Amino acid sequence: MPTFCGHFFILEVKMKRKTGIKKIEPYLYITPITLILVLFVVGSVLISITLAFTKYNIITPPDFRGIDNYTRLLDDSKFIKALGNTVKLLIYIVLQCAWTVLVVAFARKRLEDILNQKLKHMLEGLRKFQDRAASILNRKELFANMHDILDDAIPGWKSRIFEKNINDDGYREVVQSGHIPLGEDEVERVCGIVEQEETKETPEIALLKYDNMVCGFVYMERLRESKLNYREADCIRQMANIASGSLKNIDAYEKVYQVSIHDELTGLYNRSYCGVYLRRDGALGEERGFLYMDMDNFKLYNDLYGEQTGDRILQWCAKRFLDNVENGEVFRVGSNEFLVSVPETGREPLVALAEKLTRAVQENATNKPQVMQPITFSVGVAWYPGLAADALEL
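In this text the structure is predicted, and so the values were computed from the model without any measurement.

Engineer: What exactly am I supposed to notice about the pairing of strand β9 (residues 337-342) here?
Structural biologist: In regular strands, side chains alternate between the two faces of the sheet. Of all 6 residues in β9, 5 are buried, a share of seventy percent or more. As paired elements, strand β7 (residues 288-295) and β9 share 6 bridges and run antiparallel to each other. Counterpart to glycine 289 in the pairing with β9 is valine 342. Both strand β8 (residues 329-332) and β9 contribute to a ladder of 4 bridges, which runs antiparallel. Each residue of the ladder has a partner; that of valine 330, found in β9, is valine 340. Counted along the chain from β8 to the antiparallel partner β9, the turn is 4 residues long.

See below:
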């Protein structure tokens, strides 16, 4: 009975009705079922004492008047036996209580150790994510790390990360490789909670936001019949806050990076990124064809019509190139020089593309700069690896 009772002495779990979060207190309380068992044990002990006193007829106090009565009472073996049994019963009760206290103390210590280990594991995951997030400059990598650490830190739950669409119309799930997306009905329900700003009452959802703008959220999908406790919900919120700060840094880095690799006037890739592209992303990895296009008499346009018209001509040509180059990249590598990279190789397809582009810039359109001279280009073609062995030779 003591062992049976001790196993039911567990940590009391207080439920917050509004948030649904279980708050685990650091003290040992008695749950309703434990209280019933304790009352049962106490009642059994009292009944046992009552039956023992009744059986041996010692409920009524003995008559101690006169030395003869007292001597006869001591000589009464039945009374001596009853008194011995009562002492044994009291000793048993004391031992039972001591054993119960030991079991309860051991159970409490064991539960505290388990909770401390779980808390330590969550804090280690939080610290690990904080260290990694400080150096991550890619959204995909950030979400992948957050997904793995959350799933490991909070067992029984699966993290789902959503980010806002580019046009600010709803949210989409960032599905990790090898994972099955969330069902459409569940996605609609969760997104509805976020859009109605009811996340404070839903501990399974933590917002990703910065500068008072929501850019996504984390949703914890339940895999078993359990609810998030206070520490788990707080861990999710802290991790979401760290990710929010990282997203702000990533967005700022993306803006600066895009400015650094694009030409301010035309919006094309600039000369510095062209070198990176040739060495890393383009010519040295696969077969590529290149067109080097130099605008004829560009200085004449600036002298006759002014530099503003010259800028408009460059913008016009850049737009025509982008509209007519499929599966390729266009770079502005000089004041009036452009480089076009395409997957086609060989003389004939590259010459055909060059003719197509030169005709495109000569076509009349409403937004074309009005100049008397036709816009023409001198074009050179090359391809890798047929005519060049490396980027420098190309």
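Engineer: Quick question: what am I supposed to make of the sheet that holds strand β10 (residues 377-384) here?
Structural biologist: Hydrogen bonding along the main chain pairs the strands of a sheet, whether they run parallel or antiparallel. The strand order β8-β9-β7-β10 describes an open sheet built from 4 strands, whose pairing is antiparallel. Looking at strand neighbours, the two that pair on one side only are β8 and β10, the edges of this open sheet. Each strand of the sheet is rotated relative to its neighbour by a mean of 20°, with strand direction disregarded. Here β7 pairs with β10 via 8 bridges, running antiparallel. Within β10, the residue paired with aspartate 294 across the bridge is serine 378.

Engineer: Explain the packing of aromatic side chains to me, please; I cannot follow it from the model alone.
Structural biologist: To describe a pair of aromatic rings, you give the distance between the ring centres and the angle between the ring planes. Evaluation of the coordinates by the stated rule reveals 10 aromatic pairs. Judged by centre distance (5.3 Å) and plane angle (75°), the ring pair of tyrosine 171 and phenylalanine 217 falls under edge-to-face. A residue pair is termed long-range when its members are at least 10 positions apart, and tyrosine 171 in strand β4 (residues 171-173) and phenylalanine 217 in strand β6 (residues 213-222) qualify at 46 residues. The same class applies to tyrosine 171 as to phenylalanine 217, namely buried. On the numbers, 6.1 Å between centres and 65° between planes, the contact of phenylalanine 338 with phenylalanine 377 is edge-to-face. Highlighted residues: phenylalanine 338 in strand β9 and phenylalanine 377 in strand β10, separated in sequence by 39 residues. Comparing phenylalanine 338 with phenylalanine 377, the two get one shared label, buried. Members of the aromatic cluster, joined through ring pairs, are Tyr269, Tyr273, Tyr277 and Phe331.

Engineer: Help me understand the sheet that holds strand β5 (residues 205-210) in this model?
Structural biologist: Spatially, β4-β3-β6-β5 is the arrangement adopted by the 4 strands of the open sheet, whose pairing is antiparallel. Bordering the open sheet on either side are β4 and β5, each of which pairs with just one other strand. Across the sheet, the mean angle separating the axes of adjacent strands is 25° when strand polarity is ignored. Bridging between strand β3 (residues 157-164) and β6 involves 7 bridges; their strand directions are antiparallel. Within β6, the position partnered with glutamate 163 by the bridge is glycine 216. Against the sheet, helix α5 (residues 139-153) engages β3, β5 and β6, with an angle of about 155° to β3. Running at roughly 135° to β6, helix α6 (residues 184-195) makes contact with β3, β4, β5 and β6 of the sheet.

Definitions and cut-offs
Residues numbered from 1 in each chain as written. Predicted model: local features only at pLDDT ≥ 70, side-chain atom pairs only at ≥ 80, totals over all residues. Heavy atoms only, no water. Buried < 20%, exposed > 50% of the residue type's maximum accessible area, 1.4 Å probe, protein only. Helix = DSSP H or I, 4+ residues; strand = E, 2+ residues; numbered from the N terminus. Pairing = 2+ DSSP bridges. Axes fitted to C-alpha atoms, helices over the stretch in contact; angles between N-to-C directions. Phe/Tyr/Trp six-rings, centres within 6.5 Å; stacked < 30°, edge-to-face > 60°. Contact = heavy atoms within 4.5 Å.

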